[in-house]
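Tertiary structure, described
What follows is each chain in one-letter form.
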Amino acid sequence: MIRILHVSDVHLGAPLSGFGQHAADRRRSIRSAFRQLPELADRLEIHAVVVAGDLFDNQLPDRADADLAREVLRSLADGGRRGVFVIPGNHDRCSTPDSPWHTMPDEIEVILEPRFGAPRSLEVGDTWLHVYGVAYDPVAEPDPLAGYVRTSAEGSHVVLLHAGMSDNPGWHGGHGLRTTSQAVAAIDADYVALGDYHACRLPTEFAGGRACYAGSFAAVRATETGPHGVVVVELEAGGVPAARLVPSSTPMLIDPGDVDVSDVGSDLEAAERVGARIAEESTAVDHAVHPVVRLVGEPGIPLDGDRIGDALTERYGFAVVADDTRFISSARVHALSGQRTVAGHVARIGLARTDDSADGEQRAVAEHALRISLRALEEV
Amino acid sequence: MSSPTILGIDLRFGRHADSFELEAEGPVVISGPNGSGKTTLVDAILRTIYGFRRRRTGDAALFEARRPWSGGSYSASIRVRDLAGDVLSWSRDFDTDEVCVRTADGTLLFEGVANPGGAGPTVERYRDVVRSVFGLDDLDDCDRTTTIRQGALLDTTFDGDLLTLAEGGHARVQAALDAIEAAHKELSRQPVVEGGRRLNRDRQLEQTRSALTEARMRLEEAQRADRARGPIVIRLSELEQEEGRLEGELADLEPALRRLFERATAAAVHEAASERLDRLVQLRADLESARRATESAERELTRRAVRGEYPDDFRGTAADLRSAWKRRADLDRQLATTRAGAAWGVWVGGAGAAVLATGTILATRGSIVGWIVGLLGATLGITALVREVVVRRERAAALAERAEIDASVVALLDGVPDSGTVTPATLPDRLDVFEQQDEARRRLAASGSQVGVIAERIRDAADAAGTPGRSIVHLESDARQRLIETEAALTRIDRALPESLPGDLACETESVESAIEAARVRLQEVRGERERLALELAGSARAMVGIAGLEDECELLERRVEELRRSAEAHRAAHRLVREAYAEFREQDEARLVEAVAKRVRLLGRPVLAGFRADEGLSAATVKLEGRRVALDSPELSFGQRHLLKLAIRLGTADFLGVAGLATPLVVDEPFAHLDDRNSAQVWQLLVRIAAERQVIVTTQDSPLLRRLGVSTGIVELADEQHERRATPETRNVLGLSTAEPAVAGQPGGDRALDGGME
């Protein structure tokens, strides 16, 4: 049996703009978690490590990140006793002469050709591991699977690919190399280690059960909720790969589902409600979490998502709050609209504007305007 | 309660030098006999907030009148709970007009001179603070509305000024608009109001848009660079293939050329070997020929030299002989001539002697002729004598020379075969023989030389072949062998030459050389172009660095711009919404004011007064008196009815202002004056109802009336001794008052109690 550590989309040096002021902390956290990979590989008795692209966030990463990658990959290679196979992805493509891929240590097998060629082979006990891969370059080769031919060599044949799939959940077109799960399932390989898509899709989600997206090593966008890390794959000759996700130690973005705050009386109370839900959801998580929540319901006050976010950020270090509450539908607004006060007039006109909105965007703006107005008047 | 509340006062003001707690659930009732300082206490509260306008005659007199009777500092401090629930400490030094307002946690809201008659930024700031807490910032406005001083009720007017006053009450509206505008200013530089002034500097939306534009430009540039890589990559691939093809061609052509060169070299060697063999063959033939010529010359020489061999220089000897012989003949002829001349001299000498003698004779005779003849004869004689001497000498010389010549002839003929027979006559024959011998000798020498030269050449050839001393036969044999070898090598190379070359290329050195040159030139061009394109590709690659990050950045910025745009739009819409709502609200001000007053008239005027209306304008308001509509100042109204009507107008106005945000505490000094118990009860019930919405402070000297009305809470009882009574249940118990709460309007039993209870 061959044990493989499937890593992808570490995005070292990513600006992580979506994390705002927490970005620097998160970058440090990702680096720290990445440093732990050699220890994990030793502990899990990994035979080979495959990196399916986007180890760096940029084609020309800063020196510290390049040095870190070299250090960790070299450490993973363990003096050549463990195979380390890497392909560049769309973020860290190797087309520039000064790309760090051209100066990787000898024991790291970096595949720089944009088309499939002969596999890199590694003897593992009494069997062999053959790794094929393509460096991301849709200009040189727009079809990521073109030219793949499995050799007749004995052993397990693994394909490394950094490409999007139109049937990935949340697919929105994307750029560059793309394929389909059907096309991937059709190729003659024992395991297809995929990169680019940031959510983990284990082999059980693919036809044939031989392809796998490891997902991003840690969430690099504030929308990437759920566990992220690396995939440990066990390959038996002629068998279906067994894969499991091992989460990285980077704080996980946790989505507790919609939180109904209809009955809360203040922003802080709403934040408490979210905190309670997070506590319920994160009991099985043994490291830090960051809430990513959607508030729903018809609260009697125009909640301020930013304030709730601030309160949660203070508690969790980082939080994302989508305020989808319908204050405008609340009984309070309707009661207010019956009053002959300025706020009453605001509520009445605001409701009328919302009803008269031509489309969803106008309606959203009208609702938001009503909230802003009533908050400013401090009438509710 | 949605109004500020005066919780207590600590004062040194007039007769008071004490503190009072003023918090109550219902109206605060300051009760006491005349002169107990009820009005002073109320005035102290108002003056602490609003101060004295000491330039006004009335205020100046009052300012002095309120100076503490006990002396000391002229000051007061109130505690106020504002609309947000914060408790403020509000103190004023009346002598200096220095005011200090701070929150319970010590935050200073205002500190400075707050002279109500003054102007300037400090006073304006103070007014802002007063307005934010109490709504009305001027005591005159309070006196026209929410402060009903004793005896001042009848001066109450009902006109449009009240509407103007309400405008100031909407500071919260303006504050809300300001807050929305401030928030919008954070978002966008666009004016929050259409047609307004745009801000100078970009704000979040514009900054993010600019960042997005820049990121898009960078992305487009990177995408262009990425797209531009396409043709380059394709061309590079073509060039790579062409380079491979050319390298393949060269890989075929260069060995072919090498073989052709080898063949040419082998051919040259073969040719040289052939030439060498020819040369050696020729040498051998020449050598033999030369040898034969030598032998022939030797035989000829032998044949020609049977009688001896003439010396080599015989031709010169012959010439010398001829010359000698010729000279000797000349000398012979000379000798013969000199013999004849000697005879002539003798004759002449004799003649001369004769002449001389004749002359001498003659001369002795003295004849000149003799002299002449004698001279002539002497001359002749001398001449003959001289000649004779000369001839003799010449003869001797000739003889000597002839002898020498003879000796030389002998010497010349030394070595000449048969020299004794050599004469001028035989000399030509001898010369012929000599010539024949000489010819034979020359031929012999020439052939000998030829043999030598050939032998030298053979030696050279042997040396050149590295086999010094080897004979011509062996050399020839060697050369023949070498020729065979080179022929074999040539055949071998010919066999090794490629059977086919690219295209229809002739298997010739020139063609292949030319093809190689062309291939090399093209290869250089291809490599040059590849290098240039590789550089261009590297440049493009650099230009597209971070393309994926830029895509993410653009996506993020697009979302952010959209969020900011919507937020800014929502803020503009909110600003418009508040403005429009406020305008709509204000449009209804007059009706609302009339309605508020009418409501109070209905409550207070029952059953006599009702139907308050202002159809013809506020100043022409009317009321129904027992079914008849009368003006507010109609003499048909009794003093008590007028009092009630004015009180209703004031309270209605206070309600109206309260809705407008001016929830200043309602202060009514002696509201029950001139009223009977029934009307007093109606007034009290109304005040209780109002106290649910805003603080109500009333004064009364009529303690029995309070008892009759059942008022038992919230009483601050003043006595001549200045005792303060706190409005607490404990105090109420001490005073033996009932703790029953008055009914509140709007709550179960409230209106019933008001309407029916007093009935």
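Within each chain, residue numbers correspond to sequence positions counted from 1 in written order. Here the convention is simple: chains get letters from A, ligands get numbers from 1, in the order in which they are written. Since the coordinates come from a predicted model, pLDDT governs what is reported: local features require at least 70, and pairs of side-chain atoms require 80 or more to be given and counted, while whole-chain, interface and lining totals use all residues. Side-chain measures here rest on the full set of heavy atoms in the structure, leaving out hydrogens and waters.

**Here we look at the overall build of chain B**
Rule in force here: Here a helix means four or more residues in a row that DSSP labels H or I, a strand means two or more in a row labelled E, and each is numbered from the N terminus. Relative accessibility under 20% of the residue-type maximum defines a buried residue, over 50% an exposed one, and the middle range a partly exposed one, all with a 1.4 Å probe and only protein chains included. The contact rule is simple, with two residues in contact once any of their heavy atoms fall within 4.5 Å. Surface accessibility follows the Shrake-Rupley procedure with a 1.4 Å probe radius. Residue values consider only the protein chains on display as shielding.
A count of helices and strands for chain B gives 19 helices and 14 strands. Taken over 759 residues, chain B has a buried fraction of 42%. Counted over contacts in chain B with a minimum sequence separation of 6, partners at least 24 positions apart contribute 70%. Summed over all atoms, the accessible surface of chain B reaches about 38100 Å², with 52% contributed by carbon and sulfur.

**As for the overall build of chain A**
Looking only at helices and strands, one finds nine helices and 17 strands in chain A. Counting across all 380 residues of chain A, residues that qualify as buried make up 55%. Expressed as a percentage of contacts within chain A between residues at least 6 apart in sequence, the contacts between residues at least 24 apart total 68%. Roughly 15200 Å² of accessible area belongs to chain A as shown, and the carbon and sulfur atoms make up 48% of that amount.

**Brief notes about the environment of B:Leu577**
Its place among the elements puts B:Leu577 in helix α13 (residues 547-587). Using a relative accessible area of 2% as the deciding quantity, one classes B:Leu577 as buried. Separated by 400 residues in sequence, B:Leu577 and B:Leu177 place their C-alpha atoms 9.8 Å apart. Discounting chain neighbours no more than four positions away, the residues touching B:Leu577 are A:Val346, A:Ile349, A:Gly350, A:Arg353, A:Ala369, A:Leu370 and A:Ser373.

**Some words on the sheet that holds strand β9 (residues 609-613) of chain B**
Residues and elements named next belong to chain B. The condition is simple: In this analysis, strands are considered paired if DSSP registers two or more bridges between them. The angle between two axes is taken between their N-to-C directions and runs from 0 to 180 degrees, where each axis is a line fitted to C-alpha atoms and a helix contributes only its stretch in contact.
Within the open sheet, the three strands sit side by side as β9-β10-β11. Their pairing is antiparallel. Each edge of the open sheet carries a strand with a single partner, namely β9 and β11 (628-631). The average undirected angle you get between the axes of adjacent strands in this sheet is 30°. Here β9 runs beside strand β10 (residues 622-625); their pairing, made up of three bridges, is antiparallel. Pairing of leucine 609 across the sheet is with leucine 625, part of β10. Its contacts with the sheet put helix α14 (residues 589-605) on β9 and β10, and the angle it makes with β9 is roughly 175°.

**Some points on the packing of helix α15 (residues 639-659) of chain B against helix α16 (residues 677-691) of chain B**
All names here are of chain B. As a reminder, the rule being used: By the definition adopted for this analysis, an angle is roughly parallel if under 35 degrees, roughly antiparallel if over 145, roughly perpendicular if from 65 to 115, and oblique otherwise. When residues are grouped by polarity, Ala, Val, Leu, Ile, Met, Phe, Trp, Tyr, Cys and Pro land in nonpolar, Asp, Glu, Lys and Arg in charged, and all others, Gly among them, in polar.
Packing of α15 against α16 brings their axes to within 12 Å, and their N-to-C directions diverge by 5°. Between α15 and α16, the interaxial angle falls into the category roughly parallel. Judged by residue contacts, Leu644, Leu647, Leu651 and Asp655 of α15 engage Asn679, Val683, Leu686, Leu687 and Ile690 from α16. The residue makeup of the contact of α15 with α16, split by class, is seven nonpolar, one polar and one charged.

**Comments concerning unusual backbone geometry**
Residues and elements named next belong to chain A. Of note in this structure, histidine 11 is not a glycine but carries a positive phi near 55°. Within the secondary structure layout, histidine 11 lies in the loop between β1 (2-7) and α1 (23-35). Since its relative accessible area comes to 3%, histidine 11 is described here as buried. Of note in the backbone geometry, aspartate 196 takes a positive phi value of approximately 115° without being a glycine. By the secondary structure assignment, aspartate 196 is in the loop between β10 (191-195) and β11 (211-213).

**Points about the pattern of salt bridges**
Let me state the cut-off plainly: Think of a salt bridge as a Lys or Arg side-chain nitrogen and an Asp or Glu carboxyl oxygen that are within 4 Å of each other.
Per the stated rule, a full pass over the model turns up 94 salt bridges over all chains. With its nearest N and O atoms 2.8 Å apart, the salt bridge here joins A:Asp65 to A:Arg31. Of this pair, A:Asp65 sits in helix α3 (residues 63-77) while A:Arg31 is found in helix α1, placing the two residues 34 residues apart along the sequence. When salt bridges with common partners are traced through the structure, they connect B:Glu309, B:Asp312, B:Arg315, B:Glu435, B:Asp438, B:Glu439, B:Arg441 and B:Arg442 into a single cluster.

**Overview of the interface of chain A and chain B**
Put simply, the test is: Once two parts are put together, the accessible area they lose, assessed with a 1.4 Å probe and summed over both, is termed the buried area. Whenever two N or O atoms come within 3.5 Å, that pair is a polar contact, provided that in protein one can donate a hydrogen and the other can accept it, and provided that, for residues adjacent in sequence, both atoms are side-chain atoms.
Of the residues lining the interface, 38 residues belong to chain A; the matching set on chain B comes to 42 residues. With both chains or domains summed, chain A and chain B bury close to 3400 Å², and 60% of this area falls on carbon and sulfur atoms. Three residues, A:Arg340, A:Val342 and A:His345, lead the burial of chain A against chain B; their summed loss comes to 17% of the area buried on that side. Here chain A is connected to chain B by six salt bridges. Counting across the chain A and chain B interface gives eight residue pairs in polar contact (both at pLDDT 80 or more). Elements with a minimum of two residues in the side of chain A that touches chain B: α8 (342-356) and α9 (360-377) of chain A. Top contributing element to the side of chain A that touches chain B by residue count: α9(A), with nine residues.

**Some details on the confidence of the model for chain B**
Residue and element names in this part refer to chain B. Note the cut-off: Across the chain, each position has a pLDDT score giving the predictor's confidence in that residue, from 0 to 100.
Residues with a pLDDT of 70 or more make up 92% of chain B, whose mean pLDDT is 83. This model gives residues 722-759 a pLDDT under 50, and the stretch forms 70 contacts once residues within four places in sequence are excluded. Across the predicted assembly, pTM comes out at 0.61 and ipTM at 0.84.

**Side note on a negative patch on the surface**
All names here are of chain B. Inclusion rule: Like-charged residues within 9 Å of one another, or nonpolar side chains (Val, Leu, Ile, Met, Phe, Trp, Tyr) within 5 Å, are grouped into patches, provided each residue has over 30% relative accessible area and no salt bridge. All tallies of charge rest on Lys and Arg as positive and Asp and Glu as negative; His and the ends of each chain are not included. Lys charges are placed at NZ, Arg charges at CZ, Asp charges at CG and Glu charges at CD.
Residues Glu508, Glu510, Glu513 and Glu517 make up a contiguous surface patch of negative charge. Residue position: glutamate 508 is located in the loop between α11 (472-496) and α12 (509-543). Classification of glutamate 508 by relative accessible area gives partly exposed; the value is 43%.

**Some details on the environment of A:Thr103**
All names here are of chain A. Structurally, threonine 103 is set in the loop between β3 (83-87) and β4 (108-110). Residue classification places threonine 103 among the partly exposed positions, given a relative accessible area of 47%. Taking the C-alpha atoms as reference, threonine 103 lies 9.0 Å from arginine 70; in sequence the two are 33 residues apart. At a separation of 2.8 Å, a polar atom in the side chain of threonine 103 contacts the side chain of arginine 70.

**Here we look at the sheet that holds strand β7 (residues 156-162) of chain A**
Residue and element names in this part refer to chain A. Spatially, the five strands line up as an open sheet ordered β5-β6-β7-β10-β11, and their pairing is mixed. Here the strands that pair on one side only, and so sit at the sheet edges, are β5 (120-124) and β11. Each neighbouring strand pair of the sheet contributes to a mean axis angle of 20°, computed without reference to strand direction. The pairing of strand β6 (residues 127-133) with β7 spans five bridges and is parallel. Residue pairing across strands places histidine 130 opposite histidine 157, the latter belonging to β7.

**Re the nonpolar core**
Inclusion rule: Buried Ala, Val, Leu, Ile, Met, Phe, Trp, Tyr and Cys residues form a nonpolar core when they are joined through side-chain atoms within 4.5 Å.
Within the largest apolar cluster, 52 residues are counted, with the highest numbers of intra-cluster contacts made by B:Phe158, B:Phe612 and B:Leu651. At nine residues, α15(B) tops the list of elements feeding residues into this core. What B:Phe612 contacts, discounting residues up to four positions off in sequence, is B:Phe158, B:Val594, B:Val597, B:Ala598, B:Val601, B:Ala621, B:Thr622, B:Val623, B:Leu632 and B:Ile649. Residues A:Ala23, A:Ala33, A:Phe34 and A:Met104 belong to the second largest nonpolar core, which totals 45 residues.

**A closer look at the packing of helix α7 (residues 204-304) of chain B against helix α10 (residues 427-464) of chain B**
Residues and elements named next belong to chain B. Filter applied, for reference: Should the near helix be turned anticlockwise from the far one by less than a right angle, the crossing is left-handed, and should it be turned clockwise, the crossing is right-handed.
Across the interface, α7 lies against α10 with an axial gap of 8 Å and an inter-helix angle of 155°. Judged by the inter-axis angle, α7 sits roughly antiparallel to α10. Of the two elements, α7 crosses α10, and the hand of that crossing is left-handed. Taken together, the residues of the contact of α7 with α10 sort by class into 14 nonpolar, seven polar and nine charged.

**Here's the deal with helix α6 (residues 305-316) of chain A**
Residue and element names in this part refer to chain A. The condition that has to hold: To estimate the expected span of a helix, subtract one from its residue number and multiply by 1.5 Å.
Compared with an ideal rise of 1.5 Å per residue, which puts 12 residues at 16 Å, α6 spans 16 Å between its outermost C-alpha atoms and is within 8% of the ideal. The secondary structure elements touched by the buried residues of α6 are α5 (267-281), β16 (289-296) and β17 (320-323). Looking one or two residues beyond α6, the residue adopting positive phi is glycine 317, at roughly 90°.

**Quick word on the side chain of A:Arg93**
Along the chain, the position of A:Arg93 falls in the loop between β3 and β4. A distance of 3.5 Å separates the side chain of A:Arg93 from the side chain of B:Asp226, its partner in a polar contact. Leave out the neighbours within four places in its chain, and A:Arg93 touches A:Gln59, A:Pro88, A:Ser99, A:Tyr136, B:Asp226, B:Arg229, B:Met544 and B:Ile547.

**Some remarks on α11(B)**
Residues and elements named next belong to chain B. Taking 1.5 Å of rise per residue, 25 residues should cover 36 Å, and α11 covers 36 Å from first to last C-alpha, within 8% of that figure. Within the sequence span of α11, burial applies to Ile472, Leu475, Glu476, Ala479, Leu483, Thr486, Ala489, Leu490 and Ile493. Contacts made by the buried residues of α11 are with α7 and α10.

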